[in-house]
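# Observations on chain architecture
Residues per chain, in single letters:
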Amino acid sequence: MSNNIPYSLRDKRVWVAGHRGMVGSAICRQLEKENCEILSVDRQHLNLRNQQAVSDWVAAQKPDAVFLAAATVGGIYANDTRPAEFLYDNLIIEANIIHAAKINDVEKLMFLGSACIYPREASQPMSEDALLTGPLEPTNEWYAIAKIAGIKMCQAYRKQYDCDYISAMPNNLYGPGDNFDLETSHVVPALIRKFHEAKHEAKPNVEIWGTGNPLREFVHVDDCASALVFLMKNYSDEPHVNIGTGEEISIAGLAETVSKTVGYNGDLRFNTDYPDGAPRKLLDCQKILQLGWRAEISLENGLEDAYESFLESNQV
Ligand code: GFB
């Protein structure tokens, strides 16, 4: 199975599960360059939590390849306060899609995880083999457990049934199509909205959750989609693959950068009643670099793009 590359997407029927989400829509944009047929289905027409419905849809549509980007996602607050949804939704969606792919002879499947699968105290930068070497970050362990199960399902189906299923773990994503709702969003879209509103309401300061000290590595979603399509074509093996930029920034540093992007001149006010989450999450990306892929979008350019997409969205 590990020699099944390069895998051409040309003329293939490719299902992007989760095509309305930030990552799924970026994968669709990326696939438009590949001369393949993109398949998608809205949630009103297919409930991904219903195993029979998923199997029937896959049997009828017969995709050759699948990008599994459908998930219940959210920032630190949503993860921390809705553990059952993050665990149940993600487990059932990935189990249904992976199993339906197997029984319908899908040639290749890409499962999308997250850097929060690694132990909270993993040594930095975190390489792929840090998985399952220590306890998880408590604010997102439910989501992380579901994503670890997804990686293990791909590995198990590869081992037992010889399925060509692979997994990729991008670091914190942001970009066009993000969720800008302050309760459920990740930090980048939250800060874009907060600074934008503070500028327009001439507020003297903006509240930033936590101490501002945690370090994060932000990946623009178009870089992520380019890595996912690259791996789909050029990688076929059991271990998952990290996707990052190699650059990290503190939350305070991010807040300064976003305030400049938005053009807000007031102060930052750190509210330590909110959790910091993981102290640091930098990925070791030697593996994907050696395969021949690297990120191209700088944080500054990516934030400009994300702010523009916020202004154009109906979420302003
Ligand atoms: O992006 P975020 O929610 O996710 O938060 P995580 C990153 C950091 O930004 C945390 C701080 O230290 C937050 O406390 N922060 C500051 C804010 N102000 C804000 C704000 O207004 N909104 C938000 N959301 N954060 C998530 C995981 O962790 O990362 C998920 O919960 C997933 O499972 C995702 O893996 C990529 O990086 O802390």
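Quick note: structure is the one above.
A brief structural summary.

### Overview of the overall build of the protein chain
- Broken down by element type, the protein chain carries 10 helices and 13 strands.
- A compact globule built from 316 residues would reach a C-alpha radius of gyration of about 20 Å, and the protein chain, at 19 Å, matches this within 12%.
- Once the C-alpha set of the protein chain is aligned to its principal axes, its extents read approximately 60 × 40 × 40 Å.
- Expressed as a percentage of its 316 residues, the buried residues of the protein chain come to 51%.
- Of the roughly 14,000 Å² that the protein chain leaves accessible, carbon and sulfur atoms contribute 47%.
- The protein chain carries 29 positive and 44 negative side-chain charges, and their two centres are separated by 3 Å.

### Focus: the nonpolar core
- The biggest cluster of nonpolar side chains holds 77 residues, and the ones touching the most others in it are Trp-15, Ile-97, Leu-228 and Leu-231.
- Contacts of Trp-15, omitting those with residues within four sequence positions, involve Leu-39, Ser-40, Val-41, Leu-46, Leu-48, Trp-57, Val-58, Pro-63, Ala-65, Val-66, Phe-67 and Ile-97.
- One finds Phe-195, Val-206, Val-262 and Phe-310 within the second-largest nonpolar core, a separate group that totals 21 residues.

### Some remarks on helix 5 (residues 141-161)
- In this model, helix 5 (21 residues) spans 29 Å end to end at C-alpha, consistent with the 30 Å of a helix rising 1.5 Å per residue.
- On the buried face of helix 5, the contacting elements are helix 3 (76-81), helix 4 (83-103), strand 4 (108-112) and strand 5 (164-170).
- Positive phi appears at Asp-162, one or two residues downstream of helix 5, with a value of about 65 degrees.

### What about the site of the ligand?
- Taken together, the neighbourhood of the ligand is formed by 22 residues, with Ile-76, Lys-194, Arg-216, Pro-275 and Asp-276 sitting nearest.
- Within the backbone of Ser-185, an N or O atom sits 3.0 Å from a nitrogen atom of the ligand.
- Relative to its unbound accessible surface of 700 Å², the ligand loses 97% to contact with the protein.
- Looking at the shell around the ligand, the elements that each hand over two or more residues are helix 3, helix 6 (187-200) and strand 7 (205-209).
- No other element matches the three residues that helix 6 contributes to the shell around the ligand.
- Grouping the constituent residues of the shell around the ligand by class yields 10 nonpolar, eight polar and four charged.

### Focus: the packing of aromatic side chains
- Summed over all chains, the structure comprises nine aromatic pairs.
- Residues Phe-86 and Tyr-143 carry aromatic rings whose centres are separated by 6.0 Å and whose planes lie at 75 degrees to one another, so their mutual orientation is edge-to-face. With Phe-86 in helix 4 and Tyr-143 in helix 5, this residue pair connects regions lying 57 residues apart in the sequence. For the pair Phe-86 and Tyr-143, a shared accessibility class is recorded, and that class is buried.
- Here the aromatic rings of Trp-209 and Tyr-274 are separated by 4.3 Å at their centres, their planes lie at 5 degrees, and the arrangement is stacked. With Trp-209 in strand 7 and Tyr-274 in the loop between strand 12 (267-271) and strand 13 (280-281), the pair connects residues that are 65 residues apart, well separated along the chain.
- Put simply, the rings of Tyr-77, Trp-209 and Tyr-274 touch in pairs and so form one group of aromatic residues.
- Directly above the ring of Tyr-161 sits Lys-102, whose terminal nitrogen or CZ lies 4.2 Å from the centroid.

### Some points on helix 1 (residues 22-31)
- The buried count for helix 1 comes to eight of 10 residues, which makes it a mostly enclosed element.
- Within helix 1, burial applies to Met-22, Val-23, Gly-24, Ala-26, Ile-27, Cys-28, Gln-30 and Leu-31.
- The secondary structure elements touched by the buried residues of helix 1 are strand 1 (13-17), strand 2 (37-39), strand 3 (65-68), strand 4, strand 6 (172-174) and helix 7 (221-234).

### With respect to the pattern of salt bridges
- Counted by the stated rule, this structure contains 16 salt bridges.
- Here Asp-42 makes a salt bridge to Arg-20, at a shortest N to O gap of 3.0 Å. Here Arg-20 lies in the loop between strand 1 and helix 1 and Asp-42 lies in the loop between strand 2 and helix 2 (51-61), a separation of 22 residues in the sequence.
- The exposed category is assigned to Arg-20, whose relative accessible area is 65%.
- A salt bridge links Glu-121 to Arg-120; the shortest N-O distance between them is 3.2 Å.

### Brief notes about the side chain of Glu-128
- Its location among the elements puts Glu-128 in the loop between strand 4 and helix 5.
- In this structure Glu-128 is buried but unpaired, with Lys-287 as the nearest side chain of opposite charge at 5.0 Å.
- Those residues in contact with Glu-128 that sit more than four places away from it in its chain are Tyr-118, His-240, Val-241, Asn-242, Asp-284 and Lys-287.

### A few points about unusual backbone geometry
- Gln-124 connects to Pro-125 through a cis peptide bond whose omega is -10 degrees.
- Of note, Pro-125 is situated in the loop between strand 4 and helix 5.
- At Asp-105, a residue that is not glycine, the phi angle is positive and equals roughly 55 degrees.
- Tracing the sequence through the fold places Asp-105 in the loop between helix 4 and strand 4.
- Judged by relative accessible area, Asp-105 falls into the exposed class, the value being 66%.

About the criteria used
Residues numbered from 1 in each chain as written. Predicted model: local features only at pLDDT ≥ 70, side-chain atom pairs only at ≥ 80, totals over all residues. Heavy atoms only, no water. Helix = DSSP H or I, 4+ residues; strand = E, 2+ residues; numbered from the N terminus. Rg over C-alpha atoms; globule rule 2.2 N^0.38 Å. Buried < 20%, exposed > 50% of the residue type's maximum accessible area, 1.4 Å probe, protein only. Areas by Shrake-Rupley, 256 points an atom, 1.4 Å probe, with all protein chains shown as cover. Lys, Arg positive; Asp, Glu negative; His and termini not counted. Charge placed at Lys NZ, Arg CZ, Asp CG, Glu CD. Core = buried A, V, L, I, M, F, W, Y, C linked by side-chain atoms within 4.5 Å. Contact = heavy atoms within 4.5 Å. Expected span 1.5 Å × (residues − 1). Near = heavy atom within 4 Å. Polar contact = N/O pair within 3.5 Å; in protein donor to acceptor, adjacent residues only side chain to side chain. Nonpolar A, V, L, I, M, F, W, Y, C, P; charged D, E, K, R; others polar. Phe/Tyr/Trp six-rings, centres within 6.5 Å; stacked < 30°, edge-to-face > 60°. Lys NZ or Arg CZ within 6 Å of the ring centre and 35° of its normal. Salt bridge = Lys/Arg side-chain N within 4 Å of Asp/Glu carboxyl O.

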